[in-house]
Amino acid sequence: QKFPAPEFTVTTKVEFNPKMDGDRMGLLVMGMSYAYLGLEQEDGKLHCRLVRNADAEHGGSNERTESIYLESGEVYLRVNVVAGGICTFSLSENGRKYQSIGKAFTGVQGKWIGAKVGLFALGTEKTNDTGWVDVDWFRVTK
């Protein structure tokens, strides 16, 4: 979804059930740079971290925060956007108390259209027995 306003919040409730290490999903802000609050299976355990790439257009490298171990894949992911495209990501395991993750990120436009916010899910291997993510809801509020 393109940014709907100069200031808004996106919150989504998801249940992530990975099958293999490297399976990941997240809430993403993208344009010529990107940042996402992602869940990923590592060493058989589920972790959350913020990943940022301020120079994705030119092949820049990902900057990753320390991971937070999660007991469950049922979580709420949030990005709050304020004037100037300043994005702050947060996570909640109960939908009431949110914990900010990482530093603020400035969302920028893409080449042909403006900055966008959305969800993604990826695996690292081709297989017929994959994990899954269930998106309960995705809400944009002002």
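Preceding this paragraph is the structure being described.
Let me begin by describing the structure that accompanies this report. Bear in mind the structure is a predicted one, so any value in this text is a computation, not a measurement.

What to know about empty space enclosed by the protein
For the structure on display, the rule yields one cavity of 30 Å³ or more. Quantified by volume, the largest cavity comes out at close to 50 Å³. Of all the elements in the fold, those that place two or more residues in the lining of the largest cavity are strand S3 (34-42) and strand S4 (45-53). A per-class count over the lining of the largest cavity returns four nonpolar, three polar and three charged.

Here's the deal with the pattern of salt bridges
Taken as a whole and judged by the stated rule, the model has seven salt bridges. In this structure, the salt-bridge partner of Lys13 is Asp136, at a minimum N-O distance of 3.6 Å. Taken as a pair, Lys13 in strand S1 (residues 8-17) and Asp136 in strand S12 (residues 132-141) lie far apart in primary sequence, 123 residues in all. Residue Arg52 is joined to Glu63 by a salt bridge in which the shortest nitrogen-to-oxygen separation is 3.7 Å.

Some thoughts on unusual backbone geometry
At Asp43, a position not held by glycine, the phi torsion is positive, near 50°. Summarising the element assignment, Asp43 is placed in the loop between S3 and S4.

Let's talk about the packing of aromatic side chains
In the structure shown here, the tally under the stated rule is four aromatic pairs. Seen from their ring centres, Phe3 and Phe8 are 5.0 Å apart, and the 75° between their planes marks the pair as edge-to-face. On the basis of an interplanar angle of 50° and a centroid distance of 6.0 Å, the ring pair of Tyr76 and Trp137 is categorised as tilted. One end of the pair, Tyr76, is in strand S7 (residues 74-82); the other, Trp137, is in strand S12, and 61 residues separate them in sequence. The class for Trp137 is partly exposed, based on a relative accessible area of 21%. Through pairs of rings, three or more aromatic residues link up here, namely Tyr34, Tyr36 and Phe120. Geometry around Tyr98 places Arg78 over its ring, the cationic atom sitting 3.8 Å from the centre.

Considerations on the nonpolar core
Nonpolar side chains in soluble globular proteins tend to be buried together. Of all hydrophobic cores here, the largest spans 24 residues; its most connected members are Leu39, Leu77, Val79, Phe89 and Leu91. Once residues within four sequence positions are removed from consideration, Leu39 is found in contact with Val14, Phe16, Asp23, Arg24, Met25, Leu46, His47, Cys48, Leu70, Gly73 and Val75.

With respect to the side chain of Ser90
Within the secondary structure, Ser90 sits in strand S8 (residues 86-92). On the accessibility criterion, Ser90 (8% relative accessible area) is buried. Those residues in contact with Ser90, other than ones at most four positions away along the chain, are Leu37, Tyr76, Leu77, Arg78, Tyr98, Gln99, Ser100 and Ile101.

Structural notes on the pairing of strand S2 (residues 24-30)
Most of S2 sits inside the fold, with five of its seven residues counted as buried. Sheet topology places S2 next to S3; seven bridges connect them, and they run antiparallel. When the bridges of S3 are listed, Met25 appears paired with Leu39. Hairpin connection from S2 to S3: three residues lie between these consecutive antiparallel strands. The pairing of S2 with strand S11 (residues 116-122) spans seven bridges and is classified as antiparallel. From the neighbouring strand, Leu28 faces S11, where its bridge partner is Gly118.

Cut-off values and rules
- Residues numbered from 1 in each chain as written.
- Predicted model: local features only at pLDDT ≥ 70, side-chain atom pairs only at ≥ 80, totals over all residues.
- Heavy atoms only, no water.
- 1 Å grid on protein atoms, 1.4 Å probe; cavity = no way out; pocket = protein on both sides within 12 Å on 5 of 7 lines; lining within 4 Å.
- Points joined across faces, edges and corners; volume = space filled by probe spheres on them.
- Helix = DSSP H or I, 4+ residues; strand = E, 2+ residues; numbered from the N terminus.
- Nonpolar A, V, L, I, M, F, W, Y, C, P; charged D, E, K, R; others polar.
- Salt bridge = Lys/Arg side-chain N within 4 Å of Asp/Glu carboxyl O.
- Phe/Tyr/Trp six-rings, centres within 6.5 Å; stacked < 30°, edge-to-face > 60°.
- Buried < 20%, exposed > 50% of the residue type's maximum accessible area, 1.4 Å probe, protein only.
- Lys NZ or Arg CZ within 6 Å of the ring centre and 35° of its normal.
- Core = buried A, V, L, I, M, F, W, Y, C linked by side-chain atoms within 4.5 Å.
- Contact = heavy atoms within 4.5 Å.
- Pairing = 2+ DSSP bridges.

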